[in-house]
Amino acid sequence: MLVRNLVIAVMHIVIATALAAVAATCVQGMLGEALHAARAETLQTYIRMRGDREQAVFDRAETFIHAAEAAFVRRLETLSDEEVEAEFDRFFPPHGDGTRRSAPDLFDGADLGGGDHTYGVGAFLGDGEAMTLEEKRRYLAGLHVVRTVGEAWLQQFSSLYYFTPDRRMVMFAPEREDRLEFYRFEAPADFPLQADEDPRLFSRETNPDGVMQCTQLSRFVYRDAGERSATACRKPVLDGDVLLGAFGTSIMMNDQLASALEEPPAGGVNLMLGRDHQVIARGRPAAEDDDVRVDPAALAGYLADDPRPRGIVRAEALGQMIAFSRVAGPDWYFVSVVPLADIEAAVSERTRQVFLIVFFAALVVSALASLVGHYLPALRLPGRAAARTDATPE
């Protein structure tokens with residue numbers, strides 16, 4: 001009898017364990033997927049809002065430069081040869097070294113007649129004394145565009161410039177601390193004004209549609225030290241296949257990047273990655289005691305293979321969920337990285353609870369069933385015996 005009872009007890013435990021394991025496995029799968037889906041949905045909403053915010057400054061820059069381009073085309077159509085000959089030498093006098101520079105009063109302030117006034121303008125025209133009439137026309141038009149359109153947008157952008165690949169540039173930047181003196185006076189005649197990324201901007205192979213492009217973070221040309229914290233957004237002006245020049249604006253990114261890294265998602269951290277997936281800036285984790293490990297090379301691998309403008313990547317190998325939004329213009333990535341450890345911990349805890357609940361419930365039910373099966377026949381026997389005793393034989 002003892003052996004039989006032990007066997008029955010073991011069977012109850014085995015059945016309870018099996019039921020608990022099945023229930024726990026089902027809960028683990030369903031709960032894990034539900035929590036991952038909820039986290040992904042939350043991150044999707046977060047990255048959409050934050051991505052749009054980081055994109056907004058470059059969208060405004062594009063609108064700004066488009067306005068300059070439209071004004072430039074109109075100016076070119078209205079400037080006569082006589083006006084060009086009469087005004088060009090006044091605004092861009094020879095500097096004595098083969099270049100032309102802007103007249104000093106273009107920055108200090110000059111009345112142009114008819115109530116018009118200009119200020120904050122500097123220019124460097126390499127090989128300026130060899131310029132053709134058409135080149136002079138373009139720079140005269142560029143001068144009037146940067147000073148008028150630039151002034152209209154001064155509350156949002158601190159500079160606007162027109163330039164060509166032949167070491168020539170005219171800029172409106174009245175708030176620059178150097179007063180544009182490098183271009184106006186100090187730059188040597190052979191100064192290589194071209195930026196490293198100019199070929200990428202002007203080439204029909206790398207920019208076939210002539211869209212706005214922004215450079216990687218760099219310093220201003222008159223600084224040879226310090227933090228690289230400015231990006232230049234430029235757009236070529238084309239007349240069919242003819243390059244008429246380009247307009248650009250420089251944007252200091254210190255405050256923009258600091259703002260982008262604030263308020264990361266719960267448990268996560270925000271980053272800004274460059275065009276080549278290098279880390280431009282990294283924020284602090286949401287909680288001071290969190291240490292979110294970020295592997296830039298691994299992030300680059302996930303982002304490079306994903307053609308979407310924004311999305312969520314569940315990186316099981318990293319134990320992280322990655323939310324990203326591409327920033328058009330500089331071709332940057334706004335990225336939020338959230339560890340999955342808290343989800344896994346929650347799933348494990350809930351699975352353990354379900355396993356124990358189902359295990360003990362199954363044991364109780366099995367034990368009750370066994371007791372009922374064992375004692376119910378015994379309880380019924382006296383009644384049945386009495387019935388047989390009281391029965392009258394036929």
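These figures come from a predicted structure and were not determined experimentally.

Trainee: Quick rundown of helix 4 (residues 133-152)? Include the residues and the values.
Mentor: Here helix 4 spans 29 Å end to end across 20 residues, near enough to the 28 Å set by a 1.5 Å rise per residue. Burial analysis of helix 4 places 14 of its 20 residues in the buried class, the great majority of the element.

Trainee: Please give an account of the sheet that holds strand 10 (residues 269-273) that cites residues and values.
Mentor: Sheet architecture is open: five strands sit in the order 11-10-14-13-12, paired in antiparallel fashion. In the strand order of this sheet, the two ends are held by strand 11 (279-282) and strand 12 (310-315), each with one partner. On average, each strand axis in the sheet is inclined to that of its neighbour by 20°, with strand direction left out of account. Both strand 10 and strand 14 (residues 332-339) contribute to a ladder of five bridges, which runs antiparallel. The partner of Leu271 across the bridge, within strand 14, is Val335. The sheet contacts of helix 7 (residues 254-261) involve strand 10, strand 11 and strand 14, and relative to strand 10 the element is tilted by about 140°. Here helix 8 (residues 296-304) sits on the sheet and contacts strand 10, strand 11, strand 12, strand 13 (320-327) and strand 14; the angle it forms with strand 13, its principal contact strand, is near 65°.

Trainee: An account of the side chain of Glu54 is requested, with residue identities and associated values reported.
Mentor: Inspection of the secondary structure assignment puts Glu54 in helix 1 (residues 2-78). Setting aside anything within four residues of it in sequence, one finds Glu54 in contact with Gln256, Ala260, Met272, Val327 and Phe334.

Trainee: I'd like to hear about the pattern of salt bridges, residue by residue, with values.
Mentor: Within this structure, the stated rule accounts for 23 salt bridges. Residues Asp127 and Arg167 are paired through a salt bridge, measuring 3.5 Å at the closest nitrogen-oxygen approach. Placement of the pair is Asp127 in the loop between strand 4 (121-125) and helix 4 and Arg167 in the loop between strand 5 (160-164) and strand 6 (168-172), with a sequence separation of 40 residues. By relative accessible area, Asp127 is classed as partly exposed at 44%. Taking relative accessible area as the criterion, Arg167 reaches 14% and is therefore assigned buried. The shortest N-O distance in the salt bridge between Arg234 and Asp198 comes to 3.0 Å. On the criterion of sequence distance, the pair formed by Arg234 in strand 8 (residues 230-239) and Asp198 in helix 6 (residues 198-202) is long-range, its members being 36 residues apart. When sorted by exposure, Arg234 lands in the same class as Asp198, which is buried.

Trainee: Which residues make up the state of the cysteines, and what are the values?
Mentor: Summed over all chains, the structure comprises one disulfide. Residue Cys214 pairs covalently with Cys233 via a disulfide, S to S 2.1 Å. As the torsion about the S-S bond is roughly 105°, the Cys214-Cys233 disulfide counts as right-handed. Linking Cys214 in strand 7 (residues 213-214) with Cys233 in strand 8, this pair joins segments that are 19 residues apart in sequence. By the burial criterion, Cys214 is buried, and Cys233 matches it.

Reading the values: the criteria
All residue numbers here refer to positions counted from 1 along the written sequence of the relevant chain. Two thresholds apply to this predicted model, a pLDDT of at least 70 for residue-level local features and 80 or more for giving and counting side-chain atom pairs, whereas whole-chain, interface and lining totals are computed over all residues. Hydrogen atoms and water are omitted, and side-chain values are computed over all heavy atoms in the structure. Counting from the N terminus, the helices are the DSSP runs of H or I reaching at least four residues and the strands are the DSSP runs of E reaching at least two. Given the number of residues in a helix, its expected span is that number minus one, multiplied by 1.5 Å. Exposure classes here rest on a 1.4 Å probe applied to the protein chains alone. A residue is buried below 20% of its type maximum, exposed above 50%, and partly exposed in between. Pairing between two strands is assigned when DSSP locates at least 2 bridges connecting them. The convention used is that axes are lines fitted to C-alpha atoms, helices contributing only their stretch in contact, and that angles between N-to-C directions extend from 0 to 180 degrees. Contact definition: two residues touch when any of their heavy atoms are within 4.5 Å. Definition used for salt bridges: Asp or Glu carboxyl oxygen within 4 Å of a side-chain nitrogen of Lys or Arg. Pairs of cysteine sulfur atoms within 2.5 Å are what we label disulfides.

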